[in-house]
Every structure is written in structure tokens, then in C-alpha cells.
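# What the coordinates show
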Amino acid sequence: MVSTVVSANPLQLNIRSHRKCLAICFVVTISSFQYGLDYALVGGFMAMPGFLKIFGYYDEAAGKWAIDPTVQQLISSLMTIGTFVGSLSVGPFSSKLGRRHGLWAASILNYIATAVMIGTTNLKALYFARLLLGISVGWFLTFAQVYINEVAPAHLRGIVFAVYQSQLCVGSIVGAAVDNGTHALLGKEAYQIPLAIFFVAPTIQSVSLFCFPESPRWLMTRGKGAAAESALRRLRDNNIKEAEFRAEFEEIKTSVVEQSGRLKGKHLWIEMWRGTNRRRSFLSIAIICFHCANGSSWLNIYTTYFLTVAGVKEAFALSTMITCMGLVGVLASISIVLWVGRRVILLVGVGACGLCQLAFAISWTVAPGTEIAAKLVVAFNALFTFFYVAYAPYAWLLGGELPSNHLRAHTYGVGTALNFLGNWLGVFTAPYFINPAGLGWSAKYGYIWFLSNIIVFVFTWCFVPETRDRTLEEIDEIFEAKIPARKFKSYVCINTEALKRATMDETDQSTVRTTG
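Residues numbered from 1 in each chain as written. Predicted model: local features only at pLDDT ≥ 70, side-chain atom pairs only at ≥ 80, totals over all residues. Heavy atoms only, no water.

## Description of the packing of aromatic side chains
Summed over all chains, the structure comprises 15 aromatic pairs. Judged by centre distance (5.5 Å) and plane angle (45°), the rings of Phe93 and Trp139 are tilted. Of the two residues, Phe93 sits in helix H5 (residues 90-119) while Trp139 sits in helix H6 (residues 123-151), which places them 46 residues apart along the sequence. Here Trp139 falls in the buried class, since its relative accessible area comes to 13%. Residues Phe386 and Phe387 carry aromatic rings whose centres are separated by 5.1 Å and whose planes lie at 85° to one another, so their mutual orientation is edge-to-face. (Phe/Tyr/Trp six-rings, centres within 6.5 Å; stacked < 30°, edge-to-face > 60°. Helix = DSSP H or I, 4+ residues; strand = E, 2+ residues; numbered from the N terminus. Buried < 20%, exposed > 50% of the residue type's maximum accessible area, 1.4 Å probe, protein only.)

Here it is, written out as C-alpha cells:
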């Protein structure tokens, strides 16, 4: 499980040498805060009287406010459709304008959508705002992940993506906590106050981006070598040796120039599916879609509603607790990611998620509607969240590591779009299964997702390679050599290693001549 990975990474293998880059990545990952915030807030709105008075109806038979399943589906799923559209457009947008401009564009759409949601009482306007917000979130997530994949040192990408996931958890916790604080209000302010938080994170990020460099790998794909070198220097701390810096830069430069020659004049959408890129694209997209395939979408967005339907008391407070378990999970994964491979984390996480869904489905089958079944639902929902959030960042990470530099935005955008399409299917169909007005399965819906997790587990075991500590250029070389997934970890990248040593030796000799 814990073993040395053969790597040509030239940089110092410690965190303190990369504080500047880690700080930049931390601010960029604020993008995921928005995603977590939306999931928690909107899920809570579905059980909030102040919201239901405007967009729901009063159920005379039950003696309380309720929401039509179709409205519930559209409010939740239109945002997901928006993320599909937004993510799919990332490739062409990013290829021309870069990663930072994509994040700025996401902020602008976010401001517009949030203002509409706060001010409207019309369902059609709300639907439009949800779609627009979805496009914004799709851009936030995809541009941010592509950026941090390309700027973080190879051995710290796992840490950076764990921070990304922790930001998502914090967003969910904040959303759940604010919902818990305002859900008892009977006026529009019950949901308007939580929605106002959507303005905070994009503003912090947009201002900070003026001080951050563009991705050096993207600049290199645009033929801007000098700008790429300058950007990389701004991302690396001053205590990094010049020989190590030159080795990293030459790795990037050589790999991008080689790829540019192969792809010149060709359509990137088509090249994704040719030669060795076909395997890389398929793996990247499949791994990104692990998120929708494990059943997290319906549990994340319907947690509060689901617990209410399941007869659990204090559903809002328990929803917040379950969300906090996700933060505990990602913090636990941060403590091991430098030593434990991506494959192992994925296998343990996926397996545990499947068993959790099976456990609360069985409990509801054996004792439906009882207090003990409700407690088991809470317990296994919390455990599911722990294990899912513990492995989730490394599925995102692998999805961005596997494509080549020129195709990364296109492949990652397609993968993210398909993942959100899968999320949409999960969110859109879940009410039919868990809503008493539909099939009324409640927790028994977990049987379906247990089977889905089994498929993901088998796929990971058979096809997912180990990339821990590898530079993106090493991963390029391994795929070009057509190495099977099981041999990735032990493969020695002869060309990348030779380039690193030659560059470092030349830099050292130049330094000696200069000082001599």
C-alpha cells in the first residue's frame, strides 16, 4: 500500500518549499466552495416553509407546506444541466483565453444568477437563474481543477486536490449551518439570506486572480515560452534550486513542443479519440464520472429532505453533522495522500460507499419507518459521506492528470459535463424513488447504488493506473509507451529522467563557470 514510486520529479519533496504555489491553489480552489454551498443550501430549501410558501403549495391533508415533485426536480436538476453546458464549453474557451479568464467569466454569471434568485418570486425566472448558476459552477469547477493540476508540483497535487475537496466541504457546512439558522423564518428572508453568501467567494477569487500568473503549461501551448517561464517562476518559491527549476521547465517545454508537432492543424475534439489519446480520454472521463456513479448526487442534494421523509427528527441539524463528516473524511485523506497511492484510496472509498448504501437499504427493508431504521439511515449516511469525500478529490485529480497538455481542458470538460449529466439523472429521478408521492422507496433506493459502486470498484481494480508523484510529462511518456495500468508505478521514464539529469548538470556547470 505504501511504497516508493519511481519518479523523475526534479523538485524538492517537501511542502515548505512550495508555500507560494500552495497559497495560490488554495485561493483558486475557493471555486469548489460555491458547488458545496449550492448543494447544501438548495437541499435545505426543499424543507423550508419560507421557501415553500413562495414556490410550493400548502398540503391540506398533511397540514403543512410541501413542494411539487416536478418543481423540486427542476430547481435541482436545471443547475446540473447548466454545469453540463458550462463544462462542455471549457475546452474551446480555455484553449483560446486561458484558465484565469474562465474563472472571471464564471464570477460574472454567478453575480447575475444570484441576483435573480434573490429578487424573483416567479418560478420561470428561478428556473432560468438556476440554469445560469449551473453554467457558472461548471466553469468554476473545471477551470479551477485544470489550473491547479497544471501549476502544482507533481508530489503535491494530491494535497492540493484534497484542499479543493475540503473547500467544497466547508461550502456544504456553511450552507447547511445557515439553512439551519434561517429555516424557521417564515418570510422570504429564510432563503434570501443564505443565497446572499453566493456573492462572497467569487469576489475574493476574482480580485486575487489579478495577482496570480496564468498556467505555464497553457502559455506554452500558445507558443509563449518566455511568459510560461515567467509564470512558472512566480509559482515557485525562491529557495528552489535553479537546476531544479530549469529541469521542470525543460520537461514542460519539451513535452508541449512534441505534442504541438503531433497536433498541429488537427481538431482537438477528434484527436481525443485517436491513438494513445483514446485510452487517456476514456480513463479520464470514466474516473471523473465516478462521482455520479456512486450515488453521491441524490444523497448530497436531498439529505435534509431524505432524512425528513425517513422520519428522522432534527433533520436540519443532522444534515449539518453528516456534512461535517465529509470534512473529517477529506482531512483524514490529506494525512495519508503523500504516502498512499491513488488506486488504493479509490478502491477503499468506492467499496465503503457501496457497503454503506447497501446497509441503510437493508435496514429500511427490515424495519421500515421505525426509530432504529431511522438511526441506521443517519449513521450509514454519515459514513458514506466520510468515505466518499475522502476519495473524491483523487478521482478529480486523476481525471486531470491523465490527458495530455493540449487536450486536458477538452477531455476534462467532457468528463465533467458527463459527470454532471449523470448527477442530473440521479437528482431528477431520485424524487420518484424516495418521495411518498412517487414510489416511496425511501432508503431502499440504496440497493441500486450499491450495484453501481460494485461496477466502479471492478473498473478501478482493472484499469486505473497509479500516478502518485509523477509529473504530467512522465505520465505522457508512460502512455506513449503503452504501459499497462498495473505497471505504471514501477515504470522508469527514461526520456524524462535523461532530460532532467542533462538539464540539471548543464545548469550546475553553468553556475560553476559563472561563479568561477
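There is more to say after this.
## Points about the pattern of salt bridges
Counting across every chain of the model gives 15 salt bridges. For Glu242, the salt bridge is made with Arg233, and the minimal N-O distance between the two is 2.8 Å. The partly exposed category is assigned to Glu242, whose relative accessible area is 35%. For Arg246, the salt bridge goes to Glu250, with nearest N and O atoms at 3.3 Å. Taken together, the residues span about one helical turn, with Arg246 and Glu250 both in helix H12 (residues 242-263) at a distance of 4 residues. Neither Arg246 nor Glu250 differs from the other in exposure class; each is buried. Residues joined by salt bridges that share partners form a network here, namely Glu229, Arg233, Glu242, Arg246 and Glu250. (Salt bridge = Lys/Arg side-chain N within 4 Å of Asp/Glu carboxyl O.)

## Here we look at the state of the cysteines
Enumeration over the complete set of coordinates arrives at 0 disulfides. Cys324 takes part in no disulfide bond, and the closest cysteine sulfur to it belongs to Cys169, at a distance of 9.3 Å. Here Cys324 falls in the partly exposed class, since its relative accessible area comes to 30%. (Disulfide = S-S within 2.5 Å.)

## A word on the nonpolar core
Membership of the largest hydrophobic core comes to 117 residues, with the highest contact counts inside it found for Val28, Phe51 and Ile75. With 16 residues, H6 is the largest single contributor of residues to this core. Every residue in contact with Phe51, bar those within four places of it in the chain, is listed here: Phe45, Gly56, Ile67, Ile75, Leu126 and Tyr191. Counting residues in hydrophobic clusters, the runner-up holds 10 residues, among them Ala228, Ala231, Leu232 and Phe249. (Core = buried A, V, L, I, M, F, W, Y, C linked by side-chain atoms within 4.5 Å. Contact = heavy atoms within 4.5 Å.)

## Points about unusual backbone geometry
Trans peptide bonds make up the majority, and among non-glycine residues the majority have a negative phi. Backbone geometry at Asp469 places phi at a positive 70°, although glycine is not the residue there. Position of Asp469 relative to the elements: it lies in the loop between helix H22 (446-463) and helix H23 (472-480). In the Ramachandran plot, Lys482 falls in the positive-phi region, its phi being about 60° despite a non-glycine side chain. Within the secondary structure, Lys482 sits in the loop between H23 and helix H24 (494-515). Overall, Lys482 belongs to the exposed group, its relative accessible area being 64%.

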